[in-house]
Amino acid sequence: LAQGNRCGAPAFSSNPCGSCIFKMPMFERFVQPGRVALITFGPCAGKMATIIDIVDQKHVVVDGPESVTGVRRHMMPLKRLSLTDFRMGLRRGAREKTLKKALEKTGVLKKWSETAWAKKLAAKEARAHMADFERFKLMVAKKKRSQAVKKALKKK
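About the criteria used
Residues numbered from 1 in each chain as written. Predicted model: local features only at pLDDT ≥ 70, side-chain atom pairs only at ≥ 80, totals over all residues. Heavy atoms only, no water. Salt bridge = Lys/Arg side-chain N within 4 Å of Asp/Glu carboxyl O. Helix = DSSP H or I, 4+ residues; strand = E, 2+ residues; numbered from the N terminus. Buried < 20%, exposed > 50% of the residue type's maximum accessible area, 1.4 Å probe, protein only. 1 Å grid on protein atoms, 1.4 Å probe; cavity = no way out; pocket = protein on both sides within 12 Å on 5 of 7 lines; lining within 4 Å. Points joined across faces, edges and corners; volume = space filled by probe spheres on them. Nonpolar A, V, L, I, M, F, W, Y, C, P; charged D, E, K, R; others polar.

K.L.:
Please provide a residue-by-residue account of the pattern of salt bridges, values included.
P.N.:
Counted by the stated rule, this structure contains five salt bridges. The salt bridge partner of D53 is R92, with a shortest N-O separation of 2.7 Å. Taken together, the positions of D53 in strand 2 (residues 48–54) and R92 in the loop between strand 5 (81–87) and helix 2 (96–106) put the pair 39 residues apart, joining distant regions of the chain. Taking the shortest distance from any N to any O, the salt bridge between K110 and E114 comes out at 3.1 Å. Exposure remark for K110: the relative accessible area of 57% places this residue in the exposed category.

As structure tokens, then:
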């Protein structure tokens, strides 16, 4: 358990005394225009989109743009989005042309493809699209690797 501070407040509270050794990290992925998100459900699942406008507390307008990511401009519930760390400086209701320029300028999609999250999704998709023989080759490779590891550990 966390120890209290000199002022008596628990160590994880945001107290004004400033003597906290440990502070809870602030939430940084806000729903805001220009925030890049991953669509997790629906016909566009697995595609990247940018939040263009906020409709209400549970809905936003997203755009790909369609020529780049395959997502057309439409309204979507926040439940179906996973916010990423990437954000572009866009105003509310930005046009598609402005969005394309911002995507090219910031290189967000390239940065996204280099993250561990994107690599994990790509590997998952590659496994899902494997043919029967490819799955067999993977199984054989795993067996060989396992035997090599056992052999190396046995020598020690």
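Once the structure has been displayed, the description carries forward.
K.L.:
An account of the layout of surface pockets is needed here, citing residue identities and associated values.
P.N.:
In this structure, the largest pocket spans a volume of roughly 300 Å³. In terms of lining residues, the largest pocket is bounded by 14 residues, among which G46, A118, L121, A122 and E125 are the most central. Of all the elements in the fold, those that place two or more residues in the lining of the largest pocket are strand 1 (35–39), helix 3 (108–113) and helix 4 (116–128). Among the elements that take part in the lining of the largest pocket, helix 4 stands out by supplying six residues, more than any other. Here the lining of the largest pocket is built from residues that sort into eight nonpolar, three polar and three charged.

So far we have only geometry, and geometry alone does not tell us how the molecule works.
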